[in-house]
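Inside the fold
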Amino acid sequence: MTQIGFSGVGIDFGATTLFSDISFTVAPGERWGIVGRNGTGKTTLFKLLTGELEPTRGTIARAPRLRVSLLEQHRNYGTATTVWAAAAGELADLLALEQSLVEQAAQLAHDASPQALARYGEDLERFEHEGGYAVTSRIDAVLHGLEFDPAQARVATLALEALQVFAVLRQRAG
């Protein structure tokens, strides 16, 4: 089964043809990257992969429920020092909610008022609904798939390995 297929894809910007007649497929489990000089269309190709851009000609087919993510070449990782913290950055709110639930649970031993119980119940429901119980394992799985050791890899390592733009393709969990 093909995850992504390009067939005769080309893109023009005005009178300038950036590339034309690009055809390839990506199968499950394959890893790949694109290397080239600045200005040769690497980022544009990845924007086509993510669906951010549409080709001028040709077709792009994606497997159902496939999610393609783009890690920008110059990304701000904030205060993250590990690759795990950088990967979790977009899930920071969910991780903060998890920490809040831990703190609220401890406080319930001292304050089991209807307001405290209601807040805990609402936050717990939101945490469950947003997939909070699986968030840590999802981050670990993506990083292991990229061959990073989540516990060891530092952001500096990621920056060195991401000198060129690269994409992560993965099938969304059920």
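Reading guide: rules and limits
- Residues numbered from 1 in each chain as written.
- Predicted model: local features only at pLDDT ≥ 70, side-chain atom pairs only at ≥ 80, totals over all residues.
- Heavy atoms only, no water.
- Phe/Tyr/Trp six-rings, centres within 6.5 Å; stacked < 30°, edge-to-face > 60°.
- Buried < 20%, exposed > 50% of the residue type's maximum accessible area, 1.4 Å probe, protein only.
- Core = buried A, V, L, I, M, F, W, Y, C linked by side-chain atoms within 4.5 Å.
- Helix = DSSP H or I, 4+ residues; strand = E, 2+ residues; numbered from the N terminus.
- Salt bridge = Lys/Arg side-chain N within 4 Å of Asp/Glu carboxyl O.

Scanning the model with the defined rule gives 2 aromatic pairs in all. Considering the side-chain rings of F127 and Y133, the 5.1 Å spacing of their centres and the 85 degrees angle between planes classify their relative orientation as edge-to-face. Residue classification places F127 among the buried residues on the basis of a relative accessible area of 3%. Y133 sits in the exposed class, given a relative accessible area of 60%.

Time to look at the nonpolar core. Formed by 13 residues in total, the largest nonpolar core has its most connected members in I4, F6, F19, L48 and L49. At the level of secondary structure, the elements contributing two or more residues to this core comprise β1 (4-13), β2 (16-26), α1 (42-50) and β4 (66-71). Counting 11 residues, the second-largest nonpolar core is a separate cluster that includes V83, A88, L101 and L143.

With that out of the way, let us pick up the pattern of salt bridges. For the coordinates displayed, the defined rule picks out 4 salt bridges. Measuring nitrogen to oxygen at the nearest pair gives 3.9 Å for the salt bridge that ties E52 to K47. When the shortest N-O distance is used, the salt bridge between R119 and D123 registers 3.7 Å. Taken together, the positions of R119 and D123, both in helix α4 (residues 114-129) and 4 residues apart, correspond to about one turn of that helix.

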